[in-house]
Amino acid sequence: MSLPREESNRAIITVIGRDQIGIIAWVSTRLAEYNVNILDISQTILDEFFTMIMVVDMEPATLELVELANTLEQEGLKKGLQVKVQHEDIFTFMHRI
């Protein structure tokens, strides 16, 4: 018998695009403005392409996940970046084997 699972307040943020100065600074600054805590971050550059994945805690955030996703996606497009924000449970479900 398994115990009921507590709902997570974590989200996964992915950023993909051509490498340019300040991508990590931009994302982390925006998250700090909304009181979103970065729990883990991994980034790499493949050829000239920047890729990053972050695990963040939305519990203390001052906006909803959907608002954060829309804001970062729109601002990212202006910078030539693809930014996706998904609730951890949705990300896990979509990427399970």
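Going by the structure above, here's the rest.
Visitor: What is the right way to look at the environment of Glu75 in this model?
Guide: Position of Glu75 among the secondary structure elements: in helix α2 (residues 65-78). Along the primary structure Glu75 and Val27 are separated by 48 residues, whereas in three dimensions their C-alpha atoms are 9.9 Å apart. In terms of polar contacts, Glu75 uses its side chain to reach the side chain of Trp26, at 3.4 Å.

Visitor: Quick question: what am I supposed to make of the nonpolar core here?
Guide: Generally speaking, a soluble globular protein has its nonpolar side chains buried in company with each other. Formed by 22 residues in total, the largest nonpolar core has its most connected members in Ile13, Val15, Leu31, Val36, Val56, Leu68 and Leu72. Those elements that provide at least two residues to this core are β1 (10-18), α1 (23-33), β3 (49-57), α2 and β4 (81-87). Excluding anything up to four places from it in sequence, Val56 contacts Asn9, Arg10, Ala11, Ile13, Leu31, Val36, Asn37, Ile38 and Leu39.

Visitor: How should I be thinking about the pattern of salt bridges in this particular structure?
Guide: Here the idea is simple: oppositely charged side chains can pair when their charged atoms come close. One pass over the structure, following the stated rule, counts 5 salt bridges. A salt bridge links Glu48 to Arg18, with the nearest nitrogen and oxygen atoms 2.8 Å apart. One end of the pair, Glu48, is in the loop between β2 (37-46) and β3; the other, Arg18, is in strand β1, with 30 residues separating them in the sequence. Note on Glu48: relative accessible area 38%, which makes it partly exposed. Where Glu33 meets Arg30, a salt bridge forms, and the shortest distance between an N and an O atom there is 2.2 Å. A residue pair is termed a helical-turn pair when its members lie 3 or 4 positions apart in one helix, as Glu33 and Arg30 do in helix α1 at 3 residues. Here Glu33 falls in the partly exposed class, since its relative accessible area comes to 47%. The class for Arg30 is buried, based on a relative accessible area of 15%. Salt bridges sharing partners connect three or more residues here, namely Arg30, Glu33 and Glu75.

Visitor: I keep staring at α2 and nothing clicks. Help me out?
Guide: Residues three or four positions apart in an α-helix share a direction because the helix packs 3.6 residues into each turn. End to end, α2 covers 20 Å across 14 residues, agreeing with the expected 20 Å (1.5 Å per residue, within 8%). Burial in α2 covers these residues: Leu68, Ala69, Leu72 and Gly76. Seen along its axis, α2 keeps its buried residues to an arc of 100 degrees; they face one direction. Opposite the buried face of α2, by more than 90 degrees, sit the exposed residues Val66, Leu77 and Lys78. Buried positions along α2 lie against β1, α1 and β4. Just downstream of α2, Gly80 is the residue with a positive phi angle, here 75 degrees.

Definitions and cut-offs
- Residues numbered from 1 in each chain as written.
- Predicted model: local features only at pLDDT ≥ 70, side-chain atom pairs only at ≥ 80, totals over all residues.
- Heavy atoms only, no water.
- Helix = DSSP H or I, 4+ residues; strand = E, 2+ residues; numbered from the N terminus.
- Polar contact = N/O pair within 3.5 Å; in protein donor to acceptor, adjacent residues only side chain to side chain.
- Core = buried A, V, L, I, M, F, W, Y, C linked by side-chain atoms within 4.5 Å.
- Buried < 20%, exposed > 50% of the residue type's maximum accessible area, 1.4 Å probe, protein only.
- Contact = heavy atoms within 4.5 Å.
- Salt bridge = Lys/Arg side-chain N within 4 Å of Asp/Glu carboxyl O.
- Expected span 1.5 Å × (residues − 1).
- Arc of directions from axis to C-beta.

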